[in-house]
Amino acid sequence: MPLVYDFDHRHDLPPPELALLLGGKAANLAVMAVDLGLPVPPAFTITTAACNEYLAHGWPAGLDDELRAHMARMEQLVGQEFAGAANPLLVSVRSGAPISMPGMMDTILNLGLNDATTAGLAAASASPKFANNCRKRFEAMFCDIVGVDVVPEDPWAQLRAAVEAVFRSWNSDRARAYREHEGIPDDLGTAVTVQAMVFGNRSVGSGTGVLFTRNPATGEPVLYGDVMFNAQGEDVVAGTHATEP
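Residues numbered from 1 in each chain as written. Predicted model: local features only at pLDDT ≥ 70, side-chain atom pairs only at ≥ 80, totals over all residues. Heavy atoms only, no water.

Novice: Got a minute to help me understand the packing of helix α5 (residues 128-147) against helix α6 (residues 155-169) in this structure?
Specialist: Between two packed helices, what matters for the description is the angle formed by their axes and the separation of those axes. Where α5 contacts α6, the two axes come as close as 10 Å, and the packing angle between them is 50 degrees. As far as their axial angle goes, α6 and α5 are oblique. The interaxial crossing formed by α5 with α6 has left-handed handedness. On α6, the residues that touch Phe138, Phe142, Ile145 and Val146 of α5 are Gln158, Ala161, Ala162, Ala165 and Arg168. A breakdown of the residues in the contact of α5 with α6 according to their chemical character gives seven nonpolar, one polar and one charged. (Axes fitted to C-alpha atoms, helices over the stretch in contact; angles between N-to-C directions. Helix = DSSP H or I, 4+ residues; strand = E, 2+ residues; numbered from the N terminus. Parallel < 35°, antiparallel > 145°, perpendicular 65-115°, else oblique. Left-handed = near helix turned anticlockwise from the far one by under 90°. Contact = heavy atoms within 4.5 Å. Nonpolar A, V, L, I, M, F, W, Y, C, P; charged D, E, K, R; others polar.)

In structure tokens form, the structure reads like this:
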């Protein structure tokens, strides 16, 4: 069985089994991309089985080759190159448990930046300020979540370290405590979704937000959400910045 699936792969699985394989986040991305035809940024997902294999025996055999193959397809879809200096592809690396565990595991944004790719992003966007903001955000998140003082220059080494960090976050103290409180089994594992970045911090004309189809506090069936302009998603969900309705 593959360890990695593209976001638009057609699975012959009922929704509960799909969530067990890909995690709830990626299972819903697949519905959005395949069934609803929504413009989902290209992505691929490393399965929960790969996580459990890693936690039991270390990095799964063959996973590196699958990652490179699926990254190559993403490069074709977006017209950018991961680790390429001219027009670099940056990605987010996100956790995704089969049962929602909000805020319990880790995410890294803007992965793929080093000196060369930061210069390439600055040139491609015509905004060194934007590129440097992405680099600063990436290095802070990477060092905090991976637990290192220096970010590797090689984007492929960055990717592997980020995936391993998300796998390990399944067994963090806060994740274990949350599962115990909520009655969630410890053997499910988390999937990891690697997705092409969309930049809410590109300019004041860019933004990020969270949207619900009903008010989560009252249940009223109206659109409800928070938005921030010239920001990235972590700015909204971390609760450290004031949002607009």
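Novice: Sorry, what's going on with the packing of aromatic side chains here?
Specialist: In this description, an aromatic ring pair is defined by two values, namely the gap between the centres and the angle between the planes. All told, the structure shown has six aromatic pairs when counted by the stated rule. Between tyrosine 54 and tryptophan 59 the ring centres are 6.4 Å apart and the planes differ by 85 degrees, which places this aromatic pair in the edge-to-face class. Here the two residues tyrosine 54 and tryptophan 59 agree in accessibility, since each one is buried. Ring geometry for phenylalanine 212 versus tyrosine 224: centroids 6.2 Å apart, planes at 50 degrees, classification tilted. On the criterion of sequence distance, the pair formed by phenylalanine 212 in strand β8 (residues 207-212) and tyrosine 224 in strand β9 (residues 224-229) is long-range, its members being twelve residues apart. For phenylalanine 212, a relative accessible area of 34% translates into the label partly exposed. (Phe/Tyr/Trp six-rings, centres within 6.5 Å; stacked < 30°, edge-to-face > 60°. Buried < 20%, exposed > 50% of the residue type's maximum accessible area, 1.4 Å probe, protein only.)

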